[in-house]
Each structure stands twice: as structure tokens, then as C-alpha cells.
Amino acid sequence: MPDGALRADAETLERLYRKLYLTRRFEEVVADIYPTDKIKSPVHLSIGQEAVAVGVCDALRADDVVSGTYRGHAAYLAKDGDANAMMAELFGKDSGCARGKGGSMHLVDIAHGVLGSSAVVGSTVPIAMGYAFALQREGRGRVVAAFFGDGATEEGVLWESLNFAALHKLPILFVCENNGYAIHEPIEKRWAVRDLIAKVAAFGLPASRIDGSDVVAIRAAAASAVAPMRRGAHGPSFMECTTYRWREHVGPNADFDAGYRSRAELEPWAAADAVTRVGAMIGAAARQTIESEVDRQVRDAVAFAEQSSMPASIELKTHVFA
Ligand SMILES: Cc1ncc(C[n+]2csc(CCOP(=O)(O)OP(=O)(O)O)c2C)c(N)n1
Ligand SMILES: [Mg+2]
């Protein structure tokens, strides 16, 4: 349940608000466009969960790396991934970040440190860990943040990755976006032991549970986790960020009539919404400037996607494994 009070200087709040508002706005526009069938891939929206990716990525450097999941819009945008290339990717266009071949679940922007994501639950965690192994050898103080859902903790590879990262003291921040559900299945029906932090700590790395609506607390926790990693030898950390998915598992709609959760469950999360709260904390003029700039950025991304071409048929045989 959310409870945090947000405290940060004006410049930080404005920077956080720009990212929060961009992620929210981008996905609201995606949800509006979705019924037209211009968007060619399924979409797993992060609406309601944005503060986790925004807070963590604000603690990262431009040359750090993130890995996300099929619910990866927020991590991509929070890490400064190219918004035009992302929208074009959703439209299946040649100018998309994966040349129109990946869609929403496979966003990638290596120039901005966004590793490719995957629809296979848990699968990006060991890849992120391998990247952290490489960064440790590189020795330039870069770190990896690996985002994954609560469902990924039911995959053995998550625990293998925690063990390996702790053993080799890899510079990786594991970030569990715990929204309480894997598709329609609540945690109570899935976890024998509900205390995720205790389970993780048994693998030998520091772990903390944080209110995922408190973007400032998330930023602070991520910053204090990665600072010692950059100096070497400290090793990984784990953050469990409690959050809530406002829309259906996949698709643009609400699903409180689907029978597995109630609208009342949303209420405390909506009241603690980081986008609304941070927006209310910054000055009116700054807020208006940020919103109109971001609105334009999202409109430009849609125009870019619409004006781009579909991939040529030769693309069927390029950049494919076999
Ligand atoms: C290895 C694997 N098993 C099962 C699935 C089917 N599946 C797709 S999404 C999902 C739920 C994952 O939940 P969570 O990790 O909590 O992420 P969230 O959707 O809540 O963000 C499952 C089980 C899959 N894609 N990959
Ligand atoms: Mg989940």
C-alpha cells in the first residue's frame, strides 16, 4: 500500500515530472490509437507503474544499461530511448527501434543503454546479469538495472542470476516491479513465502521493499545502491517496488469487470499516483511548459510512425537467425 511523502528539490521534481508525464501520456495515446489497428503488436501498458522505472533511471548515467520486459514502455522512455523509433516500432514500421519486427514487447535502443526485451518471463534477467559481468571487466563504473515483474520470481533463472551476481559481486540492480499479479493470478495463490526480501537476502545481497508510488524514494534507493557498485567490488542490490497495474494485463482497457480484482483495489494506488502528485508539487508555469513540450513530443512520435514505411519484403530475410 502506498504511503510515502515526496521530498526533493524543484529541479529534480521537474525532471522526474517530465519523465512521468511522458510515459503516462505516451501510453494514453497508445491506448487511444489501439482500437484503430494502426498499432500492430499487443501492448502491455505500465500506466500506474511509471514511478518505478522513472525513479530508478533518474539515478543512472546515460552510459548505464537497463533491461526490461514485455511491459517495457516505461523503462525504455525513462532511459531516454528514442520515442519516435518506439512509436514506429508499435506501428510495425521500418523506422522502428527493432525495424518493425519486434513490436511493443521487444523494444531496444542500444545507443541509450536499453537492452532488447522479451516476452518470455524472466528471460532478460540473465542477459542483464551477463552484461553486468562484462561491465565489471570493463571497469568504467557502469551499472545495469534489470526490471522484471513479480511473476519472474517464479522462474528458476531469476534465482540463478541472483546467486551468480552475488558470488561475483556484479554491478547490477535487480528491480522487481511487484504489481501483485501475474496476468490474473494474485500473489496469494502463487507464493508459499510472501516475504520476497527474506528470500532474496538468503542469496547474499542487500534487498529492500519500497513504495512504488514514491518516485523520490525509489530514486534515492537506486542512487545509494549503485554508487558503491560504481566503485567496484560491492556487488548487486535488489529493490522490490510495490506498485499496481491500472489497465488490463494486455491491451488498452480497464478490466475491473473481469472477475479477478475489484475497482476498490485501485483506489489507494490512484490516490497515490506519482504523476498527479509530482505534477501538483512543481510550479504551474514549469508544469505547463513540460506538458506542452511532452504533448508535442508524443504527437511528433505518432506523426513519425504514421509517415514511415512498412518494411520492404526483403526485410523478411534480414537480421533473422535462420
Ligand atoms: C516463461 C514464460 N512463462 C509464462 C508466460 C506467460 N505469461 C505472460 S505474462 C505472464 C505474467 C508475468 O507476470 P509478472 O512477471 O508479474 O509481470 P506483469 O505482467 O505483472 O508486469 C505470464 C505468466 C511467459 N510469457 N513466459
Ligand atoms: Mg506482476
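If you're wondering where the values come from, they're calculated on a predicted model, not measured in any experiment.

J.: In this structure, what is going on with the pairing of strand β2 (residues 144-149)? I would like to understand it.
T.: Successive residues of a regular strand alternate their side chains across the two faces of the sheet. Counting buried residues in β2 gives 5 out of 6 residues, a clear majority hidden from the surface. Sheet topology places strand β1 (residues 65-67) next to β2; 3 bridges connect them, and they run parallel. Residue pairing across strands places Ser67 opposite Ala146, the latter belonging to β2. Bridge count for β2 against strand β3 (residues 172-178) is 6 bridges, and the pairing is parallel. In the strand pairing of β3, Ala145 is matched with Leu173. Once you follow β2 into helix α6 (residues 156-167) and on to β3, the crossover reads as right-handed.

J.: What is the right way to look at the coordination of the magnesium ion (ligand 2) in this model?
T.: Between any two of four tetrahedral donors, the ideal angle at the metal is 109.5 degrees; between two of six octahedral donors, it is 90 or 180 degrees. Protein coordination at the magnesium ion (ligand 2): the donors are Asp150 (OD), Asn179 (OD1) and Tyr181 (O), at 2.1 to 2.2 Å from the metal. Donor residues for the magnesium ion (ligand 2), ordered by position in the chain, follow D-x28-N-x1-Y. Highlighted residues: Asp150 in the loop between β2 and α6 and Asn179 in the loop between β3 and β4 (181-182), separated in sequence by 29 residues. Judged on exposure class, the residue Asp150 and its partner Asn179 are both buried.

J.: Looking at this model, I keep getting lost on the pattern of salt bridges. Mind explaining?
T.: Pairs can form between side chains of opposite charge whenever their charged atoms are close. Evaluated as defined, the whole model comprises 23 salt bridges. In this structure, Asp255 and Arg261 form a salt bridge, with 2.8 Å as the shortest nitrogen-oxygen distance. Since its relative accessible area comes to 5%, Asp255 is described here as buried. Through salt bridges with shared partners, one network takes in Arg61, Asp63, Glu138, Arg140 and Arg142.

J.: In this structure, what is going on with the site of ligand 1? I would like to understand it.
T.: Of all residues adjacent to ligand 1, which total 15 residues, the nearest are Tyr70, Arg71, Gly151, Asn179 and Tyr181. A distance of 3.0 Å is found between an oxygen atom of ligand 1 and a side-chain nitrogen or oxygen belonging to Asp150. The contact in question runs from an oxygen atom of ligand 1 to an N or O atom on the backbone of Tyr181, over 2.9 Å. Burial of ligand 1 by the protein amounts to 72% of the accessible area it has alone, namely 580 Å². Here the shell around ligand 1 is composed, by residue class, of 8 nonpolar, 4 polar and 3 charged.

J.: Help me understand the packing of aromatic side chains, please; the structure alone is not making it clear to me.
T.: Each aromatic ring pair is described using two quantities: the centre-to-centre distance and the angle formed by the ring planes. In this structure the tally under the stated criterion is 7 aromatic pairs. Here the aromatic cluster, defined as three or more aromatic residues joined through ring pairs, consists of Phe148, Phe174 and Phe238. Sitting over the face of the ring of Trp246, Arg24 holds its NZ or CZ atom 4.8 Å from the ring centroid. Lys199 extends its terminal NZ or CZ atom over the ring of Trp191, reaching a point 4.5 Å from the ring centre.

J.: Would you take a moment to explain the state of the cysteines for this structure?
T.: On inspection of all chains with the given rule, the structure shows 0 disulfides. Between Cys241, a free cysteine, and Cys176, which holds the nearest cysteine sulfur, the sulfur-to-sulfur gap is 7.9 Å. We classify Cys241 as buried; its relative accessible area is 0%.

J.: Explanation requested: the packing of helix α5 (residues 124-138) against α6 in the structure shown.
T.: Packed helices, taken two at a time, are described by the angle their axes make and the gap between the axes. Following both chains from N to C, one finds α5 and α6 inclined at 15 degrees, their axes separated by 9 Å at the closest point. Taken together, the axis directions place α5 and α6 in an arrangement best described as roughly parallel. Seen along the crossing, α5 lies across α6 with a hand that is left-handed. Touching Val125, Pro126, Met129 and Phe133 of α5 are Val157, Leu158, Ser161, Phe164 and Ala165, all from α6.

J.: What is the right way to look at the packing of helix α1 (residues 10-33) against helix α2 (residues 50-58) in this model?
T.: Orientation of α1 relative to α2, taken along the N-to-C sense of each, is 135 degrees, at an axis distance of 10 Å. One way to sum up the angle between α1 and α2 is to call them oblique. Note that α1 runs across α2; the crossing there is right-handed. Here Thr12, Arg15, Leu16, Lys19, Leu20, Thr23 and Arg24 of α1 come into contact with α2, specifically with Glu50, Ala51, Val54 and Asp58. Residue composition of the contact of α1 with α2, by class: 4 nonpolar, 2 polar and 5 charged.

About the thresholds
Residues numbered from 1 in each chain as written. Chains lettered and ligands numbered in written order. Predicted model: local features only at pLDDT ≥ 70, side-chain atom pairs only at ≥ 80, totals over all residues. Heavy atoms only, no water. Buried < 20%, exposed > 50% of the residue type's maximum accessible area, 1.4 Å probe, protein only. Helix = DSSP H or I, 4+ residues; strand = E, 2+ residues; numbered from the N terminus. Pairing = 2+ DSSP bridges. Right-handed = clockwise from strand over helix to strand, strands pointing away. Donors = N, O, S within 2.8 Å, 3.2 Å for Na, K, Ca; no water. Salt bridge = Lys/Arg side-chain N within 4 Å of Asp/Glu carboxyl O. Near = heavy atom within 4 Å. Polar contact = N/O pair within 3.5 Å; in protein donor to acceptor, adjacent residues only side chain to side chain. Areas by Shrake-Rupley, 256 points an atom, 1.4 Å probe, with all protein chains shown as cover. Nonpolar A, V, L, I, M, F, W, Y, C, P; charged D, E, K, R; others polar. Phe/Tyr/Trp six-rings, centres within 6.5 Å; stacked < 30°, edge-to-face > 60°. Lys NZ or Arg CZ within 6 Å of the ring centre and 35° of its normal. Disulfide = S-S within 2.5 Å. Axes fitted to C-alpha atoms, helices over the stretch in contact; angles between N-to-C directions. Parallel < 35°, antiparallel > 145°, perpendicular 65-115°, else oblique. Left-handed = near helix turned anticlockwise from the far one by under 90°. Contact = heavy atoms within 4.5 Å.

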